[in-house]
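Spelled out from the first residue to the last, the chains are:
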Amino acid sequence: MGAIAGTLADSASGVRDLLAEVGDARIKWVEVFRDHLVVHPERRSEGAAIAEQLGITVATDYPATRPGFTMWTGCWNGMDMYVYGDLRGTTRAVRSWPT
């Protein structure tokens, strides 16, 4: 494993910049790590819009959880960023495991 890039102070500064760009009222909480931020929107329905505003375009759907969600991932201002959002529309049914 390589050395962890950045410091907690850098990440905390990134949170300040994030709130200035997105708006404090739209964010419920932010998990701060040395090398990335995890954003939890006030309303998860805004997750996709927040990700788009930050230029984050990669999405992974988690339909088997209750409730299902989509995690948007990408890089913003040199930091890895993860944004929770509502599960994107899906037509396949979620089945119980095992069948």
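Below you will find a few notes about this structure. Because the structure is a prediction, the values reported are computed rather than measured.

Reading the values: rules and limits
Residues numbered from 1 in each chain as written. Predicted model: local features only at pLDDT ≥ 70, side-chain atom pairs only at ≥ 80, totals over all residues. Heavy atoms only, no water. Helix = DSSP H or I, 4+ residues; strand = E, 2+ residues; numbered from the N terminus. Expected span 1.5 Å × (residues − 1). Buried < 20%, exposed > 50% of the residue type's maximum accessible area, 1.4 Å probe, protein only. Arc of directions from axis to C-beta. Phe/Tyr/Trp six-rings, centres within 6.5 Å; stacked < 30°, edge-to-face > 60°. Salt bridge = Lys/Arg side-chain N within 4 Å of Asp/Glu carboxyl O.

1. A few points about unusual backbone geometry
- In this model, Arg-66 is joined to Pro-67 through a cis peptide bond whose omega is -5°.
- Relative to the helices and strands, Pro-67 is located in the loop between strand E3 (58-62) and strand E4 (69-76).
- Here Asn-77, not a glycine, exhibits a phi torsion of approximately 50°, which is positive.
- For Asn-77, the location among the structural elements is in the loop between E4 and strand E5 (79-86).

2. Section: helix H1 (residues 8-22)
- Helix length check: H1, at 15 residues, gives a terminal C-alpha distance of 21 Å against a target of 21 Å (1.5 Å per residue), a fit within 8%.
- Looking at H1, one finds that the buried residues are Ser-11, Gly-14, Val-15, Leu-18 and Val-22. One side of H1 carries all its buried residues, which in axial view fall inside an arc of 105°. Opposite the buried face of H1, by more than 90 degrees, sit the exposed residues Ala-9, Arg-16 and Ala-20.
- At the exit of H1 stands Gly-23, carrying a positive phi of roughly 110°.

3. What to know about the packing of aromatic side chains
- For the coordinates displayed, the defined rule picks out two aromatic pairs.
- Between Tyr-62 and Phe-69 the ring centres are 4.7 Å apart and the planes differ by 20°, which places this aromatic pair in the stacked class.
- When its relative accessible area of 35% is taken as the criterion, Tyr-62 is described as partly exposed.
- Look at Phe-69 and you get buried, because its relative accessible area is 14%.
- A network of ring pairs unites the aromatic residues Tyr-62, Phe-69 and Tyr-84 as a single cluster.

4. Brief notes about the pattern of salt bridges
- For the structure shown, the criterion picks out five salt bridges.
- Here Asp-86 ties to Arg-44 by a salt bridge, and the two come within 3.6 Å at their closest N and O atoms. Residue Asp-86 is found in strand E5, and its partner Arg-44 is found in the loop between strand E2 (36-41) and helix H2 (47-53); the two are separated by 42 residues along the sequence.
- Judged by its relative accessible area of 38%, Asp-86 falls in the partly exposed class.
- Across the pair Arg-88 and Asp-61 runs a salt bridge whose closest N-O atoms are separated by 2.9 Å. One end of the pair, Arg-88, is in the segment after E5; the other, Asp-61, is in strand E3, and 27 residues separate them in sequence.
- Residue class for Arg-88 comes out partly exposed when judged on its relative accessible area of 37%.
- One salt-bridge network, held together by shared partners, links Arg-26, Arg-43 and Glu-46.

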